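# What the coordinates show
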Amino acid sequence: MEELANCLGGKWRKLGRRLKVDKSVLDDLNSNAQLYPDVSEKAYEMLKKWECREGDSATYQVLYEALCHKHVARKDLAQKICCH
């Protein structure tokens, strides 16, 4: 998760929406600069919250599809993270 978070950049919110992370969670992560001072920390926390909420349903397949979605458009990361 940390490797993916470091590479996501500003696409973390779009990925979060594809993973069905609540808007309130995304807004909280985005606005809390003290706890999450940079984009990679926000991305990491979003991914951990998704993983925790989904449990066994938080699969590489779901993550792959979300990363490949046209609004996220990070098939490169999907292949790097989810296929190896």
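Residues numbered from 1 in each chain as written. Predicted model: local features only at pLDDT ≥ 70, side-chain atom pairs only at ≥ 80, totals over all residues. Heavy atoms only, no water.

### Regarding the packing of helix α5 (residues 60-68) against helix α6 (residues 75-82)
- In the contact formed by α5 and α6, the axes pass within 7 Å of each other and the chain directions differ by 165 degrees. In this view, α5 runs roughly antiparallel relative to α6, as classed from their interaxial angle. Classified by chirality, the crossing of α6 by α5 is right-handed. Residues Tyr 60, Leu 63, Tyr 64, Leu 67 and Cys 68 of α5 form the contact with α6, whose participating residues are Lys 75, Leu 77, Ala 78, Gln 79, Ile 81 and Cys 82.
- When grouped by side-chain class, the residues that make up the contact of α5 with α6 number nine nonpolar, one polar and one charged. (Axes fitted to C-alpha atoms, helices over the stretch in contact; angles between N-to-C directions. Helix = DSSP H or I, 4+ residues; strand = E, 2+ residues; numbered from the N terminus. Parallel < 35°, antiparallel > 145°, perpendicular 65-115°, else oblique. Left-handed = near helix turned anticlockwise from the far one by under 90°. Contact = heavy atoms within 4.5 Å. Nonpolar A, V, L, I, M, F, W, Y, C, P; charged D, E, K, R; others polar.)

### Thoughts on the nonpolar core
- Of all hydrophobic cores here, the largest spans 23 residues; its most connected members are Leu 8, Leu 15, Leu 19, Met 46, Leu 47, Leu 63 and Leu 67.
- Each residue touching Leu 19, except ones within four places of it in the same chain, is listed here: Met 46, Leu 47, Trp 50, Arg 53, Val 62, Leu 63 and Ala 66. (Core = buried A, V, L, I, M, F, W, Y, C linked by side-chain atoms within 4.5 Å. Buried < 20%, exposed > 50% of the residue type's maximum accessible area, 1.4 Å probe, protein only.)

### Focus on the packing of helix α3 (residues 23-31) against helix α4 (residues 39-54)
- Where α3 contacts α4, the axes come no closer than 10 Å and their chain directions differ by 150 degrees. Considered as vectors, α3 and α4 are oriented roughly antiparallel to each other. The interaxial crossing formed by α3 with α4 has right-handed handedness. Of the residues in α4, those touching α3 at Val 25, Leu 26, Leu 29 and Asn 30 are Lys 42, Glu 45, Met 46 and Lys 49.
- Of the residues contributing to the contact of α3 with α4, the split by class is four nonpolar, one polar and three charged.

### Side note on the side chain of Ser 40
- Residue position: Ser 40 is located in helix α4.
- Among the residues examined, Ser 40 registers a relative accessible area of 19% and is labelled buried.
- Polar contacts involving the side chain of Ser 40 include one to the side chain of Asp 38, which spans 3.0 Å.
- Not counting residues within four places of it along the chain, the set of residues in contact with Ser 40 comprises Ala 5 and Asn 6. (Polar contact = N/O pair within 3.5 Å; in protein donor to acceptor, adjacent residues only side chain to side chain.)

### Some words on α6
- For α6, the set of buried residues is Leu 77, Ala 78, Ile 81 and Cys 82. Buried residues of α6 fall within an arc of 105 degrees about the axis and therefore sit on the same side.
- Contact partners of the buried residues in α6: α1 (2-8) and α5. (Arc of directions from axis to C-beta.)

### Let's talk about the environment of Lys 20
- Along the chain, the position of Lys 20 falls in the loop between α2 (12-18) and α3.
- With a relative accessible area of 65%, Lys 20 lands in the exposed category.
- The spatial distance from the C-alpha of Lys 20 to the C-alpha of Glu 54 is 10.0 Å, given a sequence separation of 34 residues.

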